[in-house]
Protein chains: 2
Amino acid sequence: MRSTRVTLRDIALAVGTSTSTVSLALRGNTRISAPMRERVRVEAERLGYQGDLAGSLLRTANPRVLGLLCRLDQELHFTYHERILALAWARGYRVLVEGVSEGHPAQQAMGLLEQFRAQSIIVIDPRTLEGVSAETARVPLVTVGQERARAGDDLVVSDNASGIGELVDHLAGLGHRRVVHLEGPAGVSSRARRQALCDQAAERGMGVETVQAGSDLDSGFRAMESLVEAADGAWGLPTAVVCYNDQCAQGAVIALLRAGLSVPGDVSVSGFDNSRVAASRALGLTSVDRRPEDIARHAVERAIARSEGDGGGSHLQRVASRLVVRTSTGPARPGRT
Amino acid sequence: MRSTRVTLRDIALAVGTSTSTVSLALRGNTRISAPMRERVRVEAERLGYQGDLAGSLLRTANPRVLGLLCRLDQELHFTYHERILALAWARGYRVLVEGVSEGHPAQQAMGLLEQFRAQSIIVIDPRTLEGVSAETARVPLVTVGQERARAGDDLVVSDNASGIGELVDHLAGLGHRRVVHLEGPAGVSSRARRQALCDQAAERGMGVETVQAGSDLDSGFRAMESLVEAADGAWGLPTAVVCYNDQCAQGAVIALLRAGLSVPGDVSVSGFDNSRVAASRALGLTSVDRRPEDIARHAVERAIARSEGDGGGSHLQRVASRLVVRTSTGPARPGRT
DNA sequence: GTGAAAGCGCTAACAT
DNA sequence: ATGTTAGCGCTTTCAC
């Protein structure tokens, strides 16, 4: 809790050299002799030197700072965030994270990142930028999602088809001939996922019926509650329900259990995103994994390239998803459709 | 995506004045005449001026930057984070958020905040600093949790007793004479909560039996699974279960439902934290709310005071919790203990 | 009411 | 192999 900061100058004075030597030495530049580098390192340690980014930021052309804009209340965004931080750090980049939420609009968040000199910004899900014209951004954007936040930028997109294809195969193999899809909230992502499901199911001669639900626990709960009411017993229910995401699936499972039905005995349920709850023993949701590590890797890759001045055309990276089978899906009850 | 930044100098040149005037004008200093302030504002807008914190940070003694260290994978931390951001922003402070996670240890996170000149740091839950000697921090810390991260710092603490007292009253009123407590992970927080429950229950002549569980879905699920197995039917089960937090409670509910039991018909279940899942219709958990808005308010208050040089003794703020009753608790089945 | 000048801590170009 | 110098964009005296 010392009031005055230890600077390069303090180290230089202590070692008896110049600030520029200290600066280079601390960054491990080989222009400085090994022994000198060591002496500097030791002295910096002793004085408790903590670099000041303000000075560094100001001077250098590429301060190696990336921005990240996401909605941290969504677990998947948190997963991306974690991976992105680790990867960027390993490459010597710092990441400034801004979580967009009700009390902290995207406009503010974006401004702050630019004020701190983020050289390029990774945006998880274009909807995070709702209310901001992406055009106002003065830096390159790398979007993770189904569509670019702004033309000319880079995009890392999940390929839903692969994982959903595996899911449909899995369900067909278990004898399910018809599935109900609990659809997500209106939007590109939801549409893309539904389209993929319909396409893949059609190819395999499986029927899909779509019901409006949403992305959270209660959307799934309510939608399933309605289905159960309308069905009047297990015989009127579909044998399998494919949900927009894991939260929605969780709601659906709870509704089934509350109705005295068994999962997967009476109804099989699948989710999407392979989140923590999916992996839990309590639910054991069969779910589609989007390989967040790979997505994060590509996003960081592009963000760094852009921050280093790569202005070449807008890149597109497609990452295949894959199915993770757990206990929430099982054989279709014979005799039911 | 312009390559070169618009600076104060650019605005000054355009308006035909000096950078110092522009600087003062943009910050609304009344030393500058109103018409001049307006001209500067307009020109800044026209040029798309975006302040550069690097310069500002470097020059000014109190750059009005707070740091926030939390575990963003926990919903409650996210809630605090959101409130803190909004409150700090309203008072003209920026907040740099660092989410500690596996790939991004507390040491790194703390270092980064200091490098960016955070004047004081709010730490949600002292366990967030695991692996870091808090003594190394060169700035004041404000801890939110049950104990200080470092002696001499400020603490904002949840008063468990008030909410848990209400909970015990509520359960007693419903006819419950004995409750089982699903305890959280070993640690101060868990201990404090258990102690509060035992104290409050003792005062009202209610019996408490403690079972080791944890803080997540599966801890609750497993613990409840064991209880159900051991009980062999509803008659051997407690009439009410008080869980460490909402996640744990959720696991407990799912275990009960899977066993064909009803909540609250057979067993009442309560949580802690009043999270989104507690408020969901699917679960409707009776839960203890910690008034995160108030906690956030006090934390921001102290952090700002410290950043402005308030060195006076270490403050302690206690925030009362309160019960939120929902549908997961109901009358005890008559005849059962 | 406004401008000139100094300097925050750092890095990069240019000496030596 | 190391030191000197200039300057990043901003705020803050201090002088007018």
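Residues numbered from 1 in each chain as written. Chains lettered and ligands numbered in written order. Predicted model: local features only at pLDDT ≥ 70, side-chain atom pairs only at ≥ 80, totals over all residues. Heavy atoms only, no water.

**Description of the overall build of chain A**
Assigned secondary structure in chain A consists of 12 helices and 12 strands. Its C-alpha radius of gyration of 26 Å places chain A more than 25% over the 20 Å reference for a compact globule of 337 residues. Taken over the C-alpha atoms alone, chain A extends approximately 85 × 40 × 35 Å along its principal axes. Evaluated residue by residue, chain A yields a buried proportion of 55% over its 337 residues. Long-range pairs, those at least 24 residues apart, make up 72% of the contacts in chain A with a sequence separation of at least 6. In the structure as shown, chain A presents an accessible area of about 13600 Å², 48% of it carried by carbon and sulfur atoms. Positive and negative charge centroids in chain A, built from 40 and 38 side chains respectively, lie 8 Å apart. (Helix = DSSP H or I, 4+ residues; strand = E, 2+ residues; numbered from the N terminus. Rg over C-alpha atoms; globule rule 2.2 N^0.38 Å. Buried < 20%, exposed > 50% of the residue type's maximum accessible area, 1.4 Å probe, protein only. Contact = heavy atoms within 4.5 Å. Areas by Shrake-Rupley, 256 points an atom, 1.4 Å probe, with all protein chains shown as cover. Lys, Arg positive; Asp, Glu negative; His and termini not counted. Charge placed at Lys NZ, Arg CZ, Asp CG, Glu CD.)

**Focus: the pairing of strand β10 (residues 286-289) of chain A**
Residues in a regular strand point their side chains to alternate faces of the sheet. Residue and element names in this part refer to chain A. Side chains Thr286 and Val288 of β10 all project onto a buried face; the interleaved residues Ser287 and Asp289 project onto the opposite face, where all are buried too. Across 3 bridges, the pairing between strand β9 (residues 268-272) and β10 is parallel. Of the residues in β10, the one forming a bridge with Ser270 is Thr286. (Pairing = 2+ DSSP bridges.)

**Quick notes on the protein's contact with DNA strand C**
Taken together, 24 residues form the shell around DNA strand C, and within it Ser23 and Tyr49 of chain A together with Thr17, Thr21 and Arg59 of chain B come nearest. Within 4 Å of the protein, the contacting atoms of DNA strand C are drawn from sugar and phosphate to the extent of 63%. A distance of 3.0 Å is found between a base oxygen of DNA strand C and a side-chain nitrogen or oxygen belonging to Arg59 of chain A. Of all the elements in the fold, those that place two or more residues in the surface near DNA strand C are α2 (19-26) and α4 (53-59) of chain A together with α2 (19-26) and α4 (53-59) of chain B. (Near = heavy atom within 4 Å. Polar contact = N/O pair within 3.5 Å; in protein donor to acceptor, adjacent residues only side chain to side chain.)

**Digging into the UniProt feature "domain: HTH lacI-type" (unreviewed entry) in chain A**
Taking the UniProt record as the reference, the feature "domain: HTH lacI-type" (unreviewed entry) is found at residues 6-60 of chain A. Structurally, residues 6-60 of chain A comprises 67% helix and 0% strand, and the distance from its first C-alpha atom to its last is 20 Å. (UniProt positions renumbered as here; feature names shortened; annotations may be inferred.)

**A word on the interface of chain B and chain A**
Contacts between the two partners involve 60 residues from chain B and, on the opposite side, 60 residues from chain A. The junction of chain B with chain A conceals about 5700 Å² of combined surface from both sides, 58% of it contributed by carbon and sulfur atoms. Our count for the chain B to chain A interface comes out at 4 salt bridges. For Arg281 of chain A, the salt bridge identified is with Glu225 of chain B, shortest N-O distance 3.0 Å. There are 26 residue pairs in polar contact (both at pLDDT 80 or more) connecting chain B and chain A. Going through the elements one at a time, α4, α5 (75-90), β2 (94-99), α6 (106-115), α9 (217-231), α10 (246-258) and α11 (276-279) of chain B are the ones with two or more residues in the side of chain B that touches chain A. Residues belonging to the side of chain B that touches chain A are distributed by class as follows: 27 nonpolar, 14 polar and 19 charged. (Buried area = accessible area lost by both parts, 1.4 Å probe. Salt bridge = Lys/Arg side-chain N within 4 Å of Asp/Glu carboxyl O. Nonpolar A, V, L, I, M, F, W, Y, C, P; charged D, E, K, R; others polar.)

**Some words on the relation of the copies chain B and chain A**
Rotating chain B by 180 degrees and translating it 0.1 Å along the rotation axis places it on chain A, where the RMSD comes to 0.1 Å. Taken together, the rotation and translation describe the operation of a two-fold axis. Residue Ala54 of chain B, judged by its C-alpha, is the member of chain B lying nearest the rotation axis, at 2.3 Å. A high fraction, 100%, of the interface residues of chain B reappear at the interface in chain A, so the copies pair face to face through one surface. (Least-squares fit on C-alpha atoms with pLDDT ≥ 70 in both.)

**Things to note about the packing of helix α1 (residues 8-15) of chain A against helix α3 (residues 34-47) of chain A**
When two helices pack together, their arrangement is given by the angle between their axes and by how far apart the axes lie. Residue and element names in this part refer to chain A. For the pair α1 and α3, the least separation of the axes is 10 Å and the interaxial angle reads 120 degrees. Between α1 and α3, the angle falls in the class oblique. In this structure, α1 crosses over α3, and the sense of that crossing is right-handed. Between α1 and α3, the residues in contact are Asp10, Ile11, Ala14 and Val15 and Met36, Arg39, Val40, Glu43, Ala44 and Leu47, respectively. For the contact of α1 with α3, a count of residues per class yields 7 nonpolar, no polar and 3 charged. (Axes fitted to C-alpha atoms, helices over the stretch in contact; angles between N-to-C directions. Parallel < 35°, antiparallel > 145°, perpendicular 65-115°, else oblique. Left-handed = near helix turned anticlockwise from the far one by under 90°.)

**Comments concerning the packing of aromatic side chains**
Throughout the structure, instances matching the rule amount to 1 aromatic pair over all chains. Each ring, one from Phe116 of chain A and one from Phe116 of chain B, has its centre 5.2 Å from the other, and the planes form 80 degrees; the classification is edge-to-face. With Phe116 of chain A in the loop between α6 (106-115) and β3 (120-124) and Phe116 of chain B in the loop between α6 and β3 (120-124), this pair bridges two chains. Residue classification places Phe116 of chain B among the buried positions, given a relative accessible area of 1%. Over the ring of Phe272 of chain A we find Arg193 of chain A; its NZ or CZ atom is 4.0 Å from the centre of that ring. (Phe/Tyr/Trp six-rings, centres within 6.5 Å; stacked < 30°, edge-to-face > 60°. Lys NZ or Arg CZ within 6 Å of the ring centre and 35° of its normal.)

**A few points about the protein's contact with DNA strand D**
Surrounding DNA strand D, one finds 25 residues, the nearest of these being Thr17, Ser20 and Arg59 of chain A together with Ser23 and Tyr49 of chain B. At a separation of 2.6 Å, a phosphate oxygen of DNA strand D approaches a polar side-chain atom of Ser23 of chain B. Here a phosphate oxygen of DNA strand D and a backbone polar atom of Asp52 of chain B are 3.4 Å apart. Elements with a minimum of two residues in the surface near DNA strand D: α2 and α4 of chain A together with α2 and α4 of chain B. The dominant element in the surface near DNA strand D, judged by the number of residues it contributes, is α4 of chain B, at 4 residues. Counted by class, the surface near DNA strand D contains 6 nonpolar, 12 polar and 7 charged residues.

**Concerning unusual backbone geometry**
Of the consecutive residues Val263 of chain A and Pro264 of chain A, the connecting peptide bond is found in the cis state with omega at 5 degrees. Looking at the element boundaries, Pro264 of chain A is found in the loop between α10 (246-258) and β9. For Arg64 of chain B, which is not a glycine, the phi torsion comes out positive at approximately 55 degrees. Of note, Arg64 of chain B is situated in the loop between α4 and β1 (65-70).

**Comments concerning the nonpolar core**
Judged by nonpolar contacts, the single largest core of 61 residues is most densely connected at Leu182, Leu256 and Val269 of chain A together with Leu182, Leu256 and Val269 of chain B. Beyond its immediate sequence surroundings of up to four residues, Leu182 of chain B is in contact with Val211, Ala213, Gly220, Ala223, Leu227, Val241, Val242, Cys243, Tyr244, Cys248 and Ala252 of chain B. Membership of the second largest hydrophobic core comes to 52 residues, among which are Leu87 of chain A together with Leu72, Val95 and Ala296 of chain B. (Core = buried A, V, L, I, M, F, W, Y, C linked by side-chain atoms within 4.5 Å.)

**A look at helix α3 (residues 34-47) of chain B**
All names here are of chain B. With 14 residues, α3 extends 20 Å from end C-alpha to end C-alpha; this agrees with the ideal 20 Å at 1.5 Å per step. Where α3 is buried, its residues meet α1 (8-15) and α2. Directly beyond the C-terminal end of α3, a positive phi value near 70 degrees is found at Gly48. (Expected span 1.5 Å × (residues − 1).)

**Notes on the layout of surface pockets**
Estimated volume of the second largest pocket: approximately 1500 Å³. Taken together, 40 residues line the second largest pocket, and the ones lying closest to its centre are Gln115 of chain A together with Tyr49, Gly51, Asp52 and Arg94 of chain B. Going through the elements one at a time, α6 of chain A together with α1, α2, α3 and α4 of chain B are the ones with two or more residues in the lining of the second largest pocket. Of the residues belonging to the lining of the second largest pocket, the class tally is 13 nonpolar, 15 polar and 12 charged. (1 Å grid on protein atoms, 1.4 Å probe; cavity = no way out; pocket = protein on both sides within 12 Å on 5 of 7 lines; lining within 4 Å. Points joined across faces, edges and corners; volume = space filled by probe spheres on them.)

**What about the domain arrangement of chain A?**
Domain parsing of chain A yields domain 1 (8-51), domain 2 (65-153 + 292-315) and domain 3 (160-290). For domain 1 of chain A versus domain 3 of chain A, the distance between C-alpha centres works out to 60 Å. (Domains from an automatic or database assignment.)

**Points about the sheet that holds strand β12 (residues 322-324) of chain A**
One key point about sheets: their strands pair by backbone hydrogen bonds, in either a parallel or an antiparallel sense. Residue and element names in this part refer to chain A. Spatial strand order, β7-β6-β8-β9-β10-β12: 6 strands in an open sheet with mixed pairing. Lying at the two open borders of the sheet, with one neighbouring strand each, are β7 (207-212) and β12. Sheet twist, expressed as the average angle between the axes of neighbouring strands with direction ignored, equals 25 degrees.

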